[in-house]
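Single-letter residue listing:
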Amino acid sequence: MKSCYLLPLLAAVAAFSVSCVHQTQISQSNAPVSVPMNNWDRQVRNAVDAGDGDRELRLLREKVAAEPDNIQVRLELAKAYRERGYHEIALEISRLAVARFPQSGDAQLALVRDLRDVNRRTEAIAGLESFLKAHPDSGAAYYSWLGILRDESGLWPLGEPAHRKALEITPAVDYLHNNLGYNLLMQNKNEEAAREFTEALKLNPGSQMARNNLALALAHSNATREAVANWQATSGPASAHNNLAAVWIEKGNYSEARRELDTALSYNRALQAAIRNLELVARLDARPATLQPLEATRWQRFRTGFRKLFVGPLDDSRTEAPKSASAH
């Protein structure tokens, strides 16, 4: 799994709607009161209903019953429920698979994914750590997942050795370098992070994720020209300067942020991200958000010169409507 960078976002204001309360008369009834189902019971009921009408699920369940020692079939069933949105059901199937086959790495990774899907990362980390302690020679994917889970839990210093272990096992994989680089970036180890993103790009020159992350690391290292060049390669000049402005906003340098936003809007007057960032800066430094007047771009100047050279001077008098003759 690949990590991605995040730029500061404009905070949104949540709107709350208030509804009137009406008093109503409720007729008395002797009908038994049904107990509302909890989330788990509702998930089970929905999953059973889905399974009864879903040929693939029905066949997988029948196959699990016929081949109880077939790990892959159990994991396929968990995956099928996961893909249909029944995450709690998938989690229970994965739990049972790990309990029945504790030595299976595939079952352990399936359990890790399902725990993550229901935001139980602490349990996923503990289970994966125990598995790796018992199976230290496991592949790079296991250590990579451990690093990702620790990163997502904000445990950046603990995530770093896991990412490094994954790279030690499989050094020539671009996304592993990207993930380590992102971890380092979050620890403000910007130069080390830039080296990892550069290595990722050597292995996969077309990785937009690694290039964007490299630009972010360079921006935080004050190598702003190189940062803009990398961002511009993936998103164009307007977005590149807006991204750099976002970095300056994060650092609290609002004058530099305004300068970059002016540049971004000179390339694309309608870039909403830049407009929102300009409004954000205006609130932060208590100065009005004013758009600079447009200047002629290099292309516009070239086009004007081309017309003058090959078409002739742009004389307004030549475009006026002919005057009507007046009677004397």
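Being a predicted model, the structure only gives us computed values, none of them experimental.

Draft legend 1. Up close: the confidence of the model for the protein. Residue-level pLDDT values for the protein average 82, and 73% of them are 70 or greater. Residue range residues 2–35 is modelled with pLDDT below 50. Its contacts to residues more than four positions away, or to other chains, number 28 contacts. Counting interchain partners and residues more than four positions distant, the pLDDT-below-50 stretch residues 313–328 has three contacts.

Draft legend 2. Region of the structure containing the pattern of salt bridges. A complete count under the given rule lists 18 salt bridges for this structure. Glu160 is the partner of Lys189 in a salt bridge, and the nearest nitrogen-oxygen pair spans 3.0 Å. Of this pair, Lys189 sits in the loop between α9 (174–186) and α10 (190–203) while Glu160 sits in helix α8 (residues 156–169), and the two are 29 residues apart along the sequence. Among the residues examined, Lys189 registers a relative accessible area of 28% and is labelled partly exposed. Between Arg259 and Glu256 there is a salt bridge, and its shortest N-O distance comes to 2.7 Å. Pair noted here: Arg259 and Glu256 are both in helix α14 (residues 254–267), with a separation of three residues, about one helical turn. In this structure Arg259 comes out as partly exposed when scored by relative accessible area, which is 47%. For Glu256, a relative accessible area of 24% puts it in the partly exposed group. Members of the salt-bridge network, linked through shared partners, are Glu92, Arg95, Arg120 and Glu123.

Draft legend 3. A look at the side chain of Asn230. For Asn230, the position within the fold is in helix α12 (residues 224–235). By relative accessible area, which is 11% here, Asn230 ends up buried. A distance of 2.9 Å separates the side chain of Asn230 from the backbone oxygen of Glu226, its partner in a polar contact. Setting aside its immediate chain neighbours within four residues, Asn230 contacts Arg211, Leu214, Ala215 and Leu218.

Draft legend 4. The packing of α8 against α9, seen in detail. In the contact formed by α8 and α9, the axes pass within 9 Å of each other and the chain directions differ by 160 degrees. Viewed along their axes, α8 and α9 adopt a mutual orientation that is roughly antiparallel. For the pair α8 and α9, the sense of crossing is left-handed. Residues Trp156, Gly159, Glu160, His163, Arg164, Ala166 and Leu167 of α8 lie in contact with α9, whose contacting residues are Leu176, His177, Asn179, Leu180, Tyr182, Asn183, Leu184 and Met186.

Draft legend 5. Examining the packing of aromatic side chains more closely. Inspection of the entire model under this criterion finds three aromatic pairs. Note on Tyr81 and Tyr86: the rings are 6.2 Å apart at their centroids and 75 degrees apart in plane angle, and the pair reads as edge-to-face. With respect to class, Tyr81 is no different from Tyr86; both count as buried. With a centroid separation of 6.1 Å and 70 degrees between ring planes, the pair formed by Trp156 and Tyr182 is classed as edge-to-face. Here Trp156 is found in helix α8, whereas its partner Tyr182 is found in helix α9, with 26 residues between them in sequence. Judged by its relative accessible area of 10%, Tyr182 falls in the buried class. In this structure, Lys165 is placed above the aromatic ring of Tyr143, and the distance from its NZ or CZ to the ring centre is 5.8 Å.

Draft legend 6. Summary view of unusual backbone geometry. Here Asn222, not a glycine, exhibits a phi torsion of approximately 70 degrees, which is positive. Residue position: Asn222 is located in the loop between α11 (208–220) and α12. Under the relative-accessibility criterion, Asn222 is labelled exposed at 51%. Here the phi dihedral of Ala286 falls at roughly 55 degrees; this positive angle occurs in a residue that is not glycine. As for its placement among the helices and strands, Ala286 is situated in the loop between α15 (272–285) and α16 (298–310). Ala286 sits in the exposed class, given a relative accessible area of 69%.

What counts and how
Residues numbered from 1 in each chain as written. Predicted model: local features only at pLDDT ≥ 70, side-chain atom pairs only at ≥ 80, totals over all residues. Heavy atoms only, no water. pLDDT = per-residue confidence, 0-100. Contact = heavy atoms within 4.5 Å. Salt bridge = Lys/Arg side-chain N within 4 Å of Asp/Glu carboxyl O. Helix = DSSP H or I, 4+ residues; strand = E, 2+ residues; numbered from the N terminus. Buried < 20%, exposed > 50% of the residue type's maximum accessible area, 1.4 Å probe, protein only. Polar contact = N/O pair within 3.5 Å; in protein donor to acceptor, adjacent residues only side chain to side chain. Axes fitted to C-alpha atoms, helices over the stretch in contact; angles between N-to-C directions. Parallel < 35°, antiparallel > 145°, perpendicular 65-115°, else oblique. Left-handed = near helix turned anticlockwise from the far one by under 90°. Phe/Tyr/Trp six-rings, centres within 6.5 Å; stacked < 30°, edge-to-face > 60°. Lys NZ or Arg CZ within 6 Å of the ring centre and 35° of its normal.

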